[in-house]
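A structural walkthrough
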Amino acid sequence: QVQLVESGGGLVRAGGSLTISCVPSTRPFGSFAMGWFRQAPGKEREFVAAVTWNLGALRYTQSVKGRFTISRDVFKKTVYLKMNNLEPEDTAVYYCAAATSTEGLEDEATYDSWGQGTQVTVAS
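First, a word on scope: everything that follows refers to the structure included in this document. (Residues numbered from 1 in each chain as written. Predicted model: local features only at pLDDT ≥ 70, side-chain atom pairs only at ≥ 80, totals over all residues. Heavy atoms only, no water.)

**Details of the overall build of the chain**
Each helix and strand in the chain was counted, giving zero helices and eleven strands. When the elements of the chain are put in sequence order from the N terminus, they spell out β-β-β-β-β-β-β-β-β-β-β. Taking 124 residues into account, the globule formula puts the C-alpha radius of gyration at 14 Å, and the chain, at 13 Å, falls close to it. Overall, the chain is about 40 × 30 × 30 Å in size when its C-alpha atoms are taken along their principal axes. Burial statistics for the chain: of 124 residues in total, 41% are counted as buried. Residue pairs in contact within the chain that sit at least 24 positions apart in sequence constitute 57% of those at least 6 positions apart. Surface accessibility of the chain: about 6,600 Å² in total, with carbon and sulfur atoms responsible for 48%. Between the centroid of the 12 positive side chains of the chain and the centroid of its 12 negative side chains there is a distance of 7 Å. (Helix = DSSP H or I, 4+ residues; strand = E, 2+ residues; numbered from the N terminus. Rg over C-alpha atoms; globule rule 2.2 N^0.38 Å. Buried < 20%, exposed > 50% of the residue type's maximum accessible area, 1.4 Å probe, protein only. Contact = heavy atoms within 4.5 Å. Areas by Shrake-Rupley, 256 points an atom, 1.4 Å probe, with all protein chains shown as cover. Lys, Arg positive; Asp, Glu negative; His and termini not counted. Charge placed at Lys NZ, Arg CZ, Asp CG, Glu CD.)

**Here we look at the environment of D107**
For D107, the location among the structural elements is in the loop between β9 (92-99) and β10 (111-114). Overall, the relative accessible area of 41% leaves D107 in the partly exposed class. Linking D107 and F68, residues 39 residues apart in sequence, is a C-alpha distance of 19 Å. Looking at D107, its side chain comes within polar contact range of the main-chain nitrogen of A109, at 3.0 Å. (Polar contact = N/O pair within 3.5 Å; in protein donor to acceptor, adjacent residues only side chain to side chain.)

**Considering the sheet that holds strand β7 (residues 68-73)**
Overall, antiparallel pairing links the four strands, which are arranged β1-β3-β8-β7 in an open sheet. A single partner strand is all that each edge strand has here, and the edge strands are β1 (4-7) and β7. On average, adjacent strands in this sheet sit at an angle of 15 degrees to one another, irrespective of strand direction. Bridging between strand β3 (residues 18-24) and strand β8 (residues 78-83) involves five bridges; their strand directions are antiparallel. Pairing of L18 across the sheet is with M83, part of β8. (Pairing = 2+ DSSP bridges. Axes fitted to C-alpha atoms, helices over the stretch in contact; angles between N-to-C directions.)

**Some remarks on the side chain of T118**
As for its placement among the helices and strands, T118 is situated in strand β11 (residues 118-123). Since its relative accessible area comes to 10%, T118 is described here as buried. Residues in contact with T118, not counting those within four places in the same chain, are E6, S7, G8, G9, I20, A92, V93 and Y94.

**A look at the state of the cysteines**
Counted according to the given criterion, the structure contains one disulfide. Two residues, C22 and C96, share a disulfide whose sulfurs are 1.9 Å apart. Between C22 and C96, the S-S dihedral sits near -80 degrees, and the bridge is therefore left-handed. Here C22 is found in strand β3, whereas its partner C96 is found in strand β9, with 74 residues between them in sequence. In this pair, the class of C22 matches that of C96, namely buried. (Disulfide = S-S within 2.5 Å.)

Shown next, in the form of structure tokens:
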């Protein structure tokens, strides 16, 4: 049973845009930061982006800088990842995660709760 639920994934052509979102399940949780990770076939899960709920920190992996934007809605407790100018290399399962820490946000081990992931496929 997951604590977070991702949605919005799908198939998009190269150069297109897609926004995925992450919301808590009905099971309650607490966090100070949210992050997005992704895992391509045969690859380890990698950090994509993170934001603290108070916007004190924003982090992006180099490969998505200038193309992806992470944002959060405090009232809805929802986190979004807006992906622009998508490339085939962005194809992966994207996972949302919640952390009770505001440091070490690029480290998978920092996060306490994870969603099941949403598939993003970019066709060339």
